[in-house]
Amino acid sequence: MLKEFGDWMPLGNTDEQKPAKEGTVKAWARSPENLVGGWYGLRKGYRGRFANYDPPVMELLGLAEVEHNASNNRMRAT
């Protein structure tokens, strides 16, 4: 998904009860078009935390670059 996007993509972290802004990692993690066909996470209150936890792991594995600002962080494929 990040390679297809080709540039910095906003993480778009938001509460599970609020709609995710289009064009963000969070929106992709909730989309029926992603690899699992919808929300990442099954338990209510813990669903959709993909944009919180996956980017740092991808960064450690060398698969993505992640900004570390106070807010409005973005990521891109390496």
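Quick caveat: nothing in here was measured; it's all calculated off a predicted structure.

> Looking at this structure, how should I read the pairing of strand E3 (residues 74-77)?
Both faces of the sheet carry side chains from a regular strand, because those side chains alternate between them. As paired strands, strand E1 (residues 9-10) and E3 are joined by two bridges and run antiparallel to one another. The residue bridging Met9 from the neighbouring strand is Met75, located in E3.

> Any chance you could explain the pattern of salt bridges here in plain terms?
As a working rule, side chains carrying opposite charge can pair if their charged atoms are close by. Summed over the entire model, instances satisfying the criterion amount to two salt bridges. As a salt-bridge pair, Glu67 and Arg74 come within 2.7 Å of each other at their nearest N and O atoms. Judged by its relative accessible area of 18%, Glu67 falls in the buried class.

> Can you help me understand the side chain of Ser31 in this one?
Turning to its location among the elements, Ser31 is positioned in the loop between helix H2 (25-30) and helix H3 (50-60). Within polar-contact distance, the side chain of Ser31 engages the backbone nitrogen of Glu33 at 3.0 Å. Each residue touching Ser31, except ones within four places of it in the same chain, is listed here: Gly37 and Gly38.

> Looking at this structure, how should I read H3?
Helical periodicity: at 3.6 residues per turn, an α-helix aligns residues three or four positions apart in one direction. Among all positions of H3, only Phe50, Ala51, Pro55 and Met58 are buried. The buried residues of H3 occupy an angular sector of 95° when projected down its axis, which confines them to one face. In H3, those exposed residues whose orientation departs by more than 90 degrees from the buried face are Tyr53 and Leu60. Turning to H3, the residues buried within the fold contact helix H1 (2-5), H2, strand E2 (64-66) and E3. The first or second residue beyond H3 is Gly62, which carries a positive phi of 80°.

The rules behind the values
Residues numbered from 1 in each chain as written. Predicted model: local features only at pLDDT ≥ 70, side-chain atom pairs only at ≥ 80, totals over all residues. Heavy atoms only, no water. Pairing = 2+ DSSP bridges. Helix = DSSP H or I, 4+ residues; strand = E, 2+ residues; numbered from the N terminus. Salt bridge = Lys/Arg side-chain N within 4 Å of Asp/Glu carboxyl O. Buried < 20%, exposed > 50% of the residue type's maximum accessible area, 1.4 Å probe, protein only. Polar contact = N/O pair within 3.5 Å; in protein donor to acceptor, adjacent residues only side chain to side chain. Contact = heavy atoms within 4.5 Å. Arc of directions from axis to C-beta.

In short, the description is geometric, and any link to function would need to be established separately.
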